[in-house]
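These are the residues of each chain, in order.
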Amino acid sequence: MTGLDLQKVFRPVKQELKPPKYKLLTEAQLEEATKKAIKEAKEKLTMPPVLDEREPIDDVLAEDKILDGIETTKYIFTDLTYSIPHRERFIVVREPNGVLRKATWEERDRMIQIFFPKEGRRVIPQAVFKDEHLVTVFQQDRHEDILNMCIAQFEPDSADYIRIHHRTYDDIEKHAKYDLLRSTRHFGGMVWYLVNRKKTDGLLIDMIHRDLLDDATSLITLYHMLHPECQSAKEAEERKLQGVDLIKVFAKTESQKEGYIQLALQAYEEAMATSTDHIEELDLCCLLQHQL
Amino acid sequence: MALGGGLALLRAAAGALRGPGRPLWGQGVPGVPPSRPCSAEAPPKPSEPPSPYKEKPWEYLESAEYQEAYGDKPVWFGYRRHHKGAVPPRHTRKACLRKGKRVGNPCPICRDRHLFVDFRNVKLLDQFICPHSGSIFHPTHTGVCMKQHKLLLKAIAQAQDHGLLWLRIPFVPVPQDDFAARPPAVGKTPPAPQLTAGRAWYPWYDWQQPPPDAVARLRRLYKDYLRQEEGGPAPGGAPEAQ
């Protein structure tokens, strides 16, 4: 459903300009280069994990009342062994009142970024990730950029990551800007979010408008897999519906925007009818030309 | 004799100096420059009123004044640096406002008192970023002074931080860690028995009954000094070695 548009995945980005390189390829070499490009694009389009919010850490390891009042600041002790994964790294905090506790998730992320800096991640997250500034970014239609920044900055199970993703998906659904995320790695996450909350109507209409019937049917199949108890799922299973019938049954039973979906389907069917007429005429013309 | 007289004069003059080396005859009203009726200098100009665009600098870029002055071109277009020789120096001047006075030929931002480098007027900041490569122009290209260039860099970074300006984001691949696992560093560790039972952390934080042989040894050592109620011997007063 994500779509593999090579022109969009490998579109030119603003960067330092270099002189262009030209290559002369045979047909076979061109095919091989295209296959390689498709393979690279598929790697770039791997969906990031969708997880629940991580539980906060609040474990006290020791309480040394003898140290109460001696220091005025907290001390954070980080285990800097190079070969252990970051999730297994022990990071503890000694409070001024002598309590030794495990560091919270935010403190852990900050310390790991200070000692093991990762590209694209800052110790203190950017101001864009606050709600009032997200609105500016959405007005500029830069949803994909902000989601990429979010993946670079936050862990997939952190509260900020989940909040930003949900806000972005809500904004896209409100303004029907689904095409911005098509052919990106965020499309899958958006579809999962919308199907879980049963807000699939806008996406369905958008797909029918763009003549992506296969995508529409797979969306409805996913909906049935996630909500097997709904009426449309039962009907589809009973009558083994495919294609346009499935969409019609779904529109009647589950959707709120039934009228719009019917209109879109009608327009699609008319377009199909006229195009088949055109194709038949073209076939006839070709036959005649061949005969002549 | 003359030397002694000269020395006396100097001492008198030094004694007459008040404050930061101001001579006795030079004391006037503080704040007002001394009037020089026969000097050829121009009288001091009154300071200009503050610009009306100080609070909202982005409004100036929409106004007719700006359009008339610059049109569609960027603010620095057509500015020519003044320097000796054919090759311009690698850095522009340090600042256009030195000790409160404007230099001759100020830079494109300093010459227009309505232009303010603020992270919110994105249109002005955009003029100093290359539209093709996204990099910031060097001050030798635009002609701004180094102080304004530093302010520009700060404002551009702030605007990118707030999402007002485009920023190149490097592609970060999806993390492959196992997020389901909760190793002991991040998972729940059962608290120590002292904490659950409500006891103190170290046993010696609370009062402990000392071992009986140590008590007996101390009693034996200090038996002459123990008080009556602790069951020691009757106060013998002075020890026997008196």
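Throughout what follows, the structure given in this document is the object of discussion. Here the residue numbers are simple positions, counted from 1 along each chain's written sequence. Chains carry letters and ligands carry numbers; both start at the beginning, A for chains and 1 for ligands, and go up in the order they are written. Selection of residues for local features in this predicted model requires a pLDDT of at least 70, selection of side-chain atom pairs for listing and counting requires 80 or more, and totals for whole chains, interfaces and linings are taken over all residues. Computation of side-chain values: all heavy atoms of the structure, hydrogens and water removed.

### Topic: the interface of chain A and chain B
The accessible area lost on association of the parts is a frequent measure of interface size.
Then, in step 1: Residues count as neighbours in contact if any of their non-hydrogen atoms are within 4.5 Å of one another. Across the contact, 50 residues belong to chain A and 37 residues belong to chain B.
Then, in step 2: In this description, buried area is defined as the sum, over both parts, of the accessible area (probe of 1.4 Å) that is lost when the two are combined. Where chain A abuts chain B, roughly 3,800 Å² becomes buried across the two surfaces, and 58% of that area is made up of carbon and sulfur atoms.
Then, in step 3: Each salt bridge in this description consists of a side-chain nitrogen of Lys or Arg and a carboxyl oxygen of Asp or Glu lying within 4 Å of one another. In this assembly, chain A and chain B are joined by three salt bridges.
Then, in step 4: The partner of Lys188 of chain B in a salt bridge is Asp58 of chain A, with the nearest N and O atoms 3.5 Å apart.

### A few points about helix H9 (residues 213–226) of chain A
Residue and element names in this part refer to chain A.
Then, in step 1: Here H9 is 14 residues long and its end C-alpha atoms lie 20 Å apart, about the 20 Å a rise of 1.5 Å per residue gives.
Then, in step 2: A simple rule labels every residue: compare its accessible area, found with a 1.4 Å probe on the protein chains alone, to the largest value its type can have, and call it buried under 20%, exposed over 50%, or partly exposed in between. Strands are runs of DSSP state E lasting at least 2 residues, helices are runs of H or I lasting at least 4, and numbering of each runs from the N terminus. Residues Leu213, Asp215, Ala216, Thr217, Leu219, Ile220, Tyr223 and His224 constitute the buried set of H9.
Then, in step 3: Along its buried surface, H9 packs onto helix H7 (187–196), helix H8 (201–209), helix H10 (231–239), helix H11 (243–253) and helix H12 (258–291). Working rule for helices: expected span equals 1.5 Å times residues minus one.

### Quick notes on the sheet that holds strand E2 (residues 75–78) of chain A
Residues and elements named next belong to chain A.
Then, in step 1: For two strands to be treated as a pair, DSSP must find at least two bridges joining them. Pairing in this open sheet of four strands is antiparallel, and the strands run E1-E4-E3-E2 from one edge to the other. Since the sheet does not close on itself, it has two edges, and those belong to strand E1 (60–63) and E2, each with one partner. This sheet shows a mean twist of 20 degrees between the axes of neighbouring strands, independent of strand direction.
Then, in step 2: Across three bridges, the pairing between E1 and strand E4 (residues 99–102) is antiparallel. Here an angle of 0 to 180 degrees is reported between the N-to-C directions of two axes, which are lines fitted to C-alpha atoms, with helices fitted over the stretch in contact.

### A closer look at the nonpolar core
When a protein is soluble and globular, its nonpolar side chains tend to lie buried together.
Residues and elements named next belong to chain A.
Then, in step 1: In these notes, a set of buried Ala, Val, Leu, Ile, Met, Phe, Trp, Tyr and Cys residues joined through side-chain atoms within 4.5 Å is what counts as a nonpolar core. Of all hydrophobic cores here, the largest spans 34 residues; its most connected members are Met190, Leu203, Leu204, Ile208, Ile247 and Ile261.
Then, in step 2: Breaking this core down by element, the ones donating at least two residues are helix H6 (159–175), H7, H8, H9, H10, H11 and H12.
Then, in step 3: Among the elements that make up this core, the one with the highest residue count is H7 (six residues).
Then, in step 4: With residues near it in sequence (within four places) discarded, Leu204 still touches Ala216, Leu219, Ile220, Ile247, Phe250 and Ile261.

### Re the side chain of Thr142 of chain B
Residues and elements named next belong to chain B.
Then, in step 1: Counting through the fold element by element, Thr142 comes out in helix H4 (residues 139–142).
Then, in step 2: Its relative accessible area of 2% is what places Thr142 among the buried residues.
Then, in step 3: Among all residues touching Thr142, those that are not within four sequence positions of it are Trp76, Tyr79, Pro108, Phe128 and Phe137.

### Side note on unusual backbone geometry
Residues and elements named next belong to chain A.
Then, in step 1: In this structure, Ala176 takes a positive phi of about 55 degrees despite not being glycine.
Then, in step 2: A relative accessible area of 47% means that Ala176 is categorised as partly exposed.
Then, in step 3: At Asp211, a position not held by glycine, the phi torsion is positive, near 60 degrees.
Then, in step 4: When you line up the elements, Asp211 lands in the loop between H8 and H9.
Then, in step 5: A relative accessible area of 47% means that Asp211 is categorised as partly exposed.

### Brief notes about the environment of Glu173 of chain A
Residues and elements named next belong to chain A.
Then, in step 1: Along the chain, Glu173 falls in helix H6.
Then, in step 2: Separated by 47 residues in sequence, Glu173 and Gln126 have C-alpha atoms that sit 25 Å apart.
Then, in step 3: Beyond its immediate sequence surroundings of up to four residues, Glu173 is in contact with Tyr178, Leu194 and Lys199.

### A closer look at the packing of aromatic side chains
The relative placement of two aromatic rings is captured by the distance of their centres and the angle of their planes.
All names here are of chain A.
Then, in step 1: Here a pair means two rings of Phe, Tyr or Trp (six-membered ring of Trp) with centres within 6.5 Å. Their orientation is stacked below 30 degrees between planes, edge-to-face above 60, and tilted elsewhere. Summed over all chains, the structure comprises 11 aromatic pairs over all chains.
Then, in step 2: Aromatic side chains Tyr82 and Phe116 sit 6.4 Å apart centroid to centroid with 45 degrees between the ring planes, which places their arrangement in the tilted category. In this pair, Tyr82 is assigned in the loop between E2 and strand E3 (91–94) and Phe116 in the loop between helix H3 (105–115) and helix H4 (131–139), connecting sequence segments 34 residues apart.
Then, in step 3: When its relative accessible area of 17% is taken as the criterion, Phe116 is described as buried.
Then, in step 4: Seen in terms of ring centroids, Tyr223 and Phe250 are 5.0 Å apart; in terms of plane orientation they differ by 80 degrees. Their pairing is edge-to-face. Linking Tyr223 in helix H9 with Phe250 in helix H11, this pair joins segments that are 27 residues apart in sequence.

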